[in-house]
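# Fold and geometry: a report
Letter by letter, the chains look like this.
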Amino acid sequence: MASEPYLYSAPALILIVTVMLVPLVIGISYAFRDMTLLDPFSGGFIGLDHFRAIAKDKTFWLALKNTVYWTGYSVALQFLFGLILALLLDKPFYGRGLAQALCFLPWAVPSFLSGLNWAMLFNPVVGPIPHWLYGLGLMSAPDNLLSSPTHAMWGPIIANVWWGIPFFAITLLAALQSIPRDLYEAAAIDGATPFQRFRSITLPFLAPTIAITVMLRTVWIANFADLIVVMTNGGPADRTQIVASYIFTQAFRRLDFGYASAIAMVLLALLLVYSMLIVLLRQTLLRER
Amino acid sequence: MASIDITDVRKAYGAVKILHGVDLTIQDGEFVVLVGPSGCGKSTLLRMIAGLEDISAGEIKIGGKRVNELDPKDRDIAMVFQSYALYPHMTVAGNMSYSLRLRKTAKEKIAKAISGAAEKLSLTPLMERRPKALSGGQRQRVAMGRAIVRKPKAFLFDEPLSNLDARLREHMRGEIKKLHQDLGATSIYVTHDQIEAMTLADRIVAMNAGIVQQVGSPLDLYDRPANLFVAGFMGSPAMNMFEGVYRVANGGSVELAQGIVVPLAGPASTADGTKVTLGIRPEHVVVGKDLAGGLAAEIDLVEPTGFGTILHSRAFGRDVKAFSLERGLAERGDTVSVSFPVERIHLFDTASGSRIG
Amino acid sequence: MTRPKRLVATVAHRAAILCYVVFALFPLFWLLKVSVTPNDLLYSEGVRLWPSRTVFDHFDFVLRHSDFPLFFRNSMIVSLSTAFIVTILASLGGYAMSRFTFRGKFWIVGLMLLTQMFPLVMLIAPIFKILSPLGLTNSLSGLILVYVAFNVPFATFLMQSFFDGIPKDLEEAAMIDGATRFMAFRQIILPLTLPGMAATLGFVFTAAWSELLFALMLISGVDASTFPVGLLSFVSKFSVDFGQMMAAGVLALIPACLFFFFIQRYLVQGLTAGAVKG
Ligand SMILES: Nc1ncnc2c1ncn2[C@@H]1O[C@H](COP(=O)(O)OP(=O)(O)O)[C@@H](O)[C@H]1O
Ligand SMILES: [Mg+2]
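Residues numbered from 1 in each chain as written. Chains lettered and ligands numbered in written order. Predicted model: local features only at pLDDT ≥ 70, side-chain atom pairs only at ≥ 80, totals over all residues. Heavy atoms only, no water.

## Side note on the overall build of chain C
When its secondary structure is counted, chain C shows 13 helices and zero strands. Its helices and strands in sequence order give chain C the pattern α-α-α-α-α-α-α-α-α-α-α-α-α, from N to C terminus. Expressed as lengths along the three principal axes of its C-alpha atoms, the size of chain C is roughly 75 × 75 × 35 Å. Sorting the 278 residues of chain C into buried and exposed places 59% on the buried side. In chain C, the proportion of contacts linking residues at least 24 apart, taken out of those at least 6 apart, comes to 72%. With the model as given, the accessible surface of chain C reaches about 11200 Å², and the carbon-plus-sulfur share is 68%. In chain C, 19 side chains carry a positive charge and 13 a negative one; their mean positions are 10 Å apart. (Helix = DSSP H or I, 4+ residues; strand = E, 2+ residues; numbered from the N terminus. Buried < 20%, exposed > 50% of the residue type's maximum accessible area, 1.4 Å probe, protein only. Contact = heavy atoms within 4.5 Å. Areas by Shrake-Rupley, 256 points an atom, 1.4 Å probe, with all protein chains shown as cover. Lys, Arg positive; Asp, Glu negative; His and termini not counted. Charge placed at Lys NZ, Arg CZ, Asp CG, Glu CD.)

In structure tokens:
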């Protein structure tokens, strides 16, 4: 029966369309309207006013800069430590199952809880980190990193790295384990050193996984506001505000849905451009090879 | 039991045509084997009979009733898959009784049916096992058992023995044949193995590239292949084929390479000068020491099979294979004579591939 | 490699693993530590690894004198309902994706991928606007509806990968044995995908259990607050009671960890199926 597959997928589809696609379209329309929740007279069409406002919005530009900073460092560190962990876990050893479960455990911790957890660790009253940093001479006094006007962003980044390493490790471990073992054996018989084996077998095999995971993860982290909302709420003085958390603040605290949607559209456009650039870059690189 | 009528059945996946109009009538109780190389469309045809694939055009009747629009469950056929497709979460008994349970057959009847089938297939001690705990041969038998408990209108087999080792395959081949003789059920059996086809079939349907090449009894196909494809496909070692030109002179003969002329039993129905292919089975090639009797050939490979010997030789610039039950007929490097008895020669039109004599 | 060199390599490998384990567990250890530290020692023994005296006062307070049991219950209702509904819908959808080739498939996959790509924060305002007149804000059903929709695409891909691992022959055999396709799906395929469904259930539960932003936006009353919302209201209170907050945190961690150990084996498959998901 030709309609059968549609019957099976209909419930899921209907939900996706009504709860995600329709709001998406409506959300886009908000960007061009004056929409404030508590103002009964709002709702009128105002053209590109929001976008003009965004162009002049210092906080937005700061948030954009912060987004790049936050995303760049988070992804780079998660990837680096995730790769190392995957390589470490790829070797069989006694107790690997347990070690793997424990190393991956942060993935299961709800994001809001990891935010609270790390906020506490950075808190000089109950947390050890400021005292350690002070002891190491990295801080002049055991202060809260999260209220530092210059380094506050590192708080959420560290929490994010802690929370996100398992994701990369799991993905890369899966890719590592799909590399045929006899390739390594053949290379070893041919006299390749472990490092040469890593470079000539492991890396080329991992490259596609790395490319796709890093790209998707970048987009995901750029949108990931939970940790920041929980840990700093964008403060101090918007130093840790990223675009996604700024959207949330506009919608949730200021109830300015129109402006929030306009910023969201800008973010979406930027992410699309980013994805397109990556795809183009990949294609040119592939063609040159 | 029922007959199966297939009329001009076609199958296409989008623009790709897989079957180009198959016509076939299978008598009630007949064992028909579909044979052909991998990818020629045998499984597709079988699955269309089963109702697992849509029929792009044409008509299939089971027991005189059109089934094109029927779901597999309403066609009352049983099928044995190459992978056996046993339900991993059910015991052997559960696997065998599933179809009867679906039909809400009474408990006692089910018990009787599966114990009968289990006995036939010597599965009785395995009834409570899961498929995982069975050997390949045992799984195969369970798959057979699942098919026979139902007493369906017809049995379909899709390469049921392909996953078994050679010995077991031979054994099961015998079992299947016995089973068919017992039950007398209409059966369609798909295989790419011509030995299976020859040994099992009442009638063989040879297929290639989605077209039926020849339908007939096994010996028919072996002795009078209708075209080059069937000639080459049936028989192992494969038939020798030599291209040449037909000559009307001397009551019909073929001129092969290097001016060698081979006489035929009689004139063929084609014009002088037509490009033809002469075929002769290795076991019909006569090998002798007396060079006067035939064509000089130099042996370049001797393959003893135990049962007989395959001699590969080179004559008139062509490879000639001969099979003989005799041992020690020749050594590598020997020069022997080979000859092609006229009554054993098959003649085909090279361009069309059809048999012409 | 020579023997001593190999020994050094092994020791370095184990040491590195140990570092990772310590790094992964330390924050959770601290969470636990603060939750059992009596208030009077919290500040004086702030950096000690383990307090000189442990108490369960915070747990006692959280369980008996706060709204957390209510939040916990709400979160359980929301997460379990979401997980069950999503698993059912995703099983159906994933089955269609795995077993049929049909014209709309390309578009459906495209749509599902799209939902994984755009920032969900974009939807906060419109969803609030849509749900509010329907009476679905400040209600657990509204939250469940939203979470189900958000998790269905990923879960469908995940279920599809599980179905792909089950040979098609099995349901064909069942259909020849006399089953309709739906019966074959229910009696043959589903029992074989139970582990996969359990994994999907676990993934979705974890995701719903952790969701914060939409819960914050859609829920304002205490009655319908989920755990994250409740916990966060702790932070915004004038003075934070760390002990109580962390005791609540430990409670929030328990179901997540249970599900984690339950789905651990499937993590690799799950994250590859929906490489986008956190
Ligand atoms: N779903 C499909 N879509 C497109 N082509 C198919 C499909 N299934 C089978 N084919 C093609 O049909 C041809 C015949 O397949 P099949 O009947 O399985 O061959 P066989 O004779 O080996 O059993 C093959 O070339 C195969 O590639
Ligand atoms: Mg086949």
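## Remarks on the sheet that holds strand E11 (residues 240-247) of chain B
What links the strands of a sheet is backbone hydrogen bonding, and the strands pair in either a parallel or an antiparallel sense. Residues and elements named next belong to chain B. Spatially, E13-E12-E11-E14-E20 is the arrangement adopted by the five strands of the open sheet, whose pairing is antiparallel. The open sheet terminates on both sides in strands that have one partner only, identified here as strand E13 (261-263) and strand E20 (346-349). With direction set aside, neighbouring strand axes in the sheet form an average angle of 40 degrees. Summarising the sheet, E11 and strand E12 (residues 253-255) pair through three bridges and their orientation is antiparallel. Pairing of Val-245 across the sheet is with Glu-255, part of E12. (Pairing = 2+ DSSP bridges. Axes fitted to C-alpha atoms, helices over the stretch in contact; angles between N-to-C directions.)

## Some thoughts on the packing of helix H3 (residues 58-90) of chain A against helix H7 (residues 154-177) of chain A
All names here are of chain A. As a packed pair, H3 and H7 sit with axes 6 Å apart at the nearest point and diverge in direction by 40 degrees. Considering the angle they form, H3 stands oblique to H7. Judged by the twist between their axes, the crossing of H3 over H7 is right-handed. Split into classes, the residues belonging to the contact of H3 with H7 amount to 22 nonpolar, six polar and one charged. (Parallel < 35°, antiparallel > 145°, perpendicular 65-115°, else oblique. Left-handed = near helix turned anticlockwise from the far one by under 90°. Nonpolar A, V, L, I, M, F, W, Y, C, P; charged D, E, K, R; others polar.)

## Observations regarding the interface of chain C and chain A
At the interface, 89 residues of chain C touch 87 residues of chain A. Summing the contributions of chain C and of chain A, the shared interface buries around 8000 Å²; its carbon and sulfur component is 84%. For the pair chain C and chain A, the number of links is one salt bridge. The tally of links from chain C across to chain A stands at seven residue pairs in polar contact (both at pLDDT 80 or more). Its residues assigned to classes, the side of chain C that touches chain A comprises 73 nonpolar, eleven polar and five charged. (Buried area = accessible area lost by both parts, 1.4 Å probe. Salt bridge = Lys/Arg side-chain N within 4 Å of Asp/Glu carboxyl O. Polar contact = N/O pair within 3.5 Å; in protein donor to acceptor, adjacent residues only side chain to side chain.)

## A few points about the pairing of strand E18 (residues 318-324) of chain B
Residues and elements named next belong to chain B. As defined by bridge partners, strand E17 (residues 309-315) adjoins E18 across seven bridges and the pair is classed as antiparallel. Within E18, the residue paired with Leu-311 across the bridge is Ala-322. Hairpin connection of E17 to E18: two residues between the antiparallel strands, including Phe-316 at a positive phi of 35 degrees.

## Describing the site of ligand 1
Residue and element names in this part refer to chain B. Inspection of the region around ligand 1 gives Tyr-13, Ile-18, Pro-37, Ser-38, Gly-39, Cys-40, Gly-41, Lys-42, Ser-43 and Thr-44 as its neighbouring residues. In the model, an oxygen atom of ligand 1 is placed 2.9 Å from a nitrogen or oxygen of the Lys-42 main chain. For ligand 1, the protein covers 56% of the area, taking 570 Å² as the surface of the free molecule. When residues of the shell around ligand 1 are assigned to their parent elements, the largest contribution, three residues, is made by helix H1 (residues 42-50). (Near = heavy atom within 4 Å.)

## Some points on a positive patch on the surface
A surface patch of like charges, here positive, comprises Lys109(B), Lys112(B), Lys120(B) and Lys151(B). Within the secondary structure, Lys151(B) sits in the loop between helix H4 (136-148) and strand E7 (154-158). (Patch = residues over 30% accessible without salt bridge, like charges linked within 9 Å, V, L, I, M, F, W, Y side chains within 5 Å.)

## Topic: the confidence of the model for chain C
Residues and elements named next belong to chain C. Scored by pLDDT, chain C comes out at a mean of 85, with 93% of its residues at no less than 70. Here residues 274-278 is a poorly scored stretch, pLDDT under 50, and it has 19 contacts once near neighbours within four places are set aside; other chains count. Across the predicted assembly, pTM comes out at 0.84 and ipTM at 0.87. (pLDDT = per-residue confidence, 0-100.)

## Observations regarding helix H11 (residues 243-253) of chain A
All names here are of chain A. With nine of its eleven residues buried, H11 lies for the most part within the structure. Among the residues making up H11, those that are buried are Val-243, Ala-244, Ser-245, Tyr-246, Ile-247, Phe-248, Thr-249, Gln-250 and Ala-251. The positive-phi residue at the C-terminal boundary of H11 is Leu-255, with phi of around 55 degrees.

## So, the interface of chain B and chain C
At the interface, 22 residues of chain B touch 16 residues of chain C. Summed over both sides, the interface between chain B and chain C buries roughly 1600 Å², with carbon and sulfur atoms accounting for 66% of that surface. Run the count over chain B and chain C and you get three salt bridges. For Arg47(B), the salt bridge identified is with Glu172(C), shortest N-O distance 2.7 Å. Taken together, the links from chain B to chain C amount to ten residue pairs in polar contact (both at pLDDT 80 or more). Mapped by element, the contributors of at least two residues to the side of chain B that touches chain C are H1, strand E6 (77-80) and helix H2 (92-102) of chain B. For the side of chain B that touches chain C, the class distribution of residues is 14 nonpolar, three polar and five charged.

## Side note on unusual backbone geometry
Of note, the amide linkage connecting Ser236(B) to Pro237(B) takes the cis form, showing an omega dihedral of 0 degrees. Take Pro237(B): it is sitting in the loop between helix H8 (228-233) and E11. Even without being glycine, Asp238(A) reaches a positive phi, approximately 60 degrees.

## Concerning the domain arrangement of chain C
All names here are of chain C. By the assigned domains, chain C splits into domain 1 (3-55) and domain 2 (64-274). Computed from C-alpha coordinates alone, the two centres of domain 1 and domain 2 are separated by 33 Å. Contacts between the two partners involve seven residues from domain 1, matched on the other side by eight residues from domain 2. Carbon and sulfur atoms make up 78% of the surface buried where domain 1 meets domain 2, a total of about 620 Å² over both sides. The largest per-residue losses of area from domain 1 upon contact with domain 2 belong to Leu-31, Val-34 and Ser-35, which jointly make up 58% of the total buried on that side. Our count for the contact surface shared by domain 1 and domain 2 stands at zero salt bridges. (Domains from an automatic or database assignment.)

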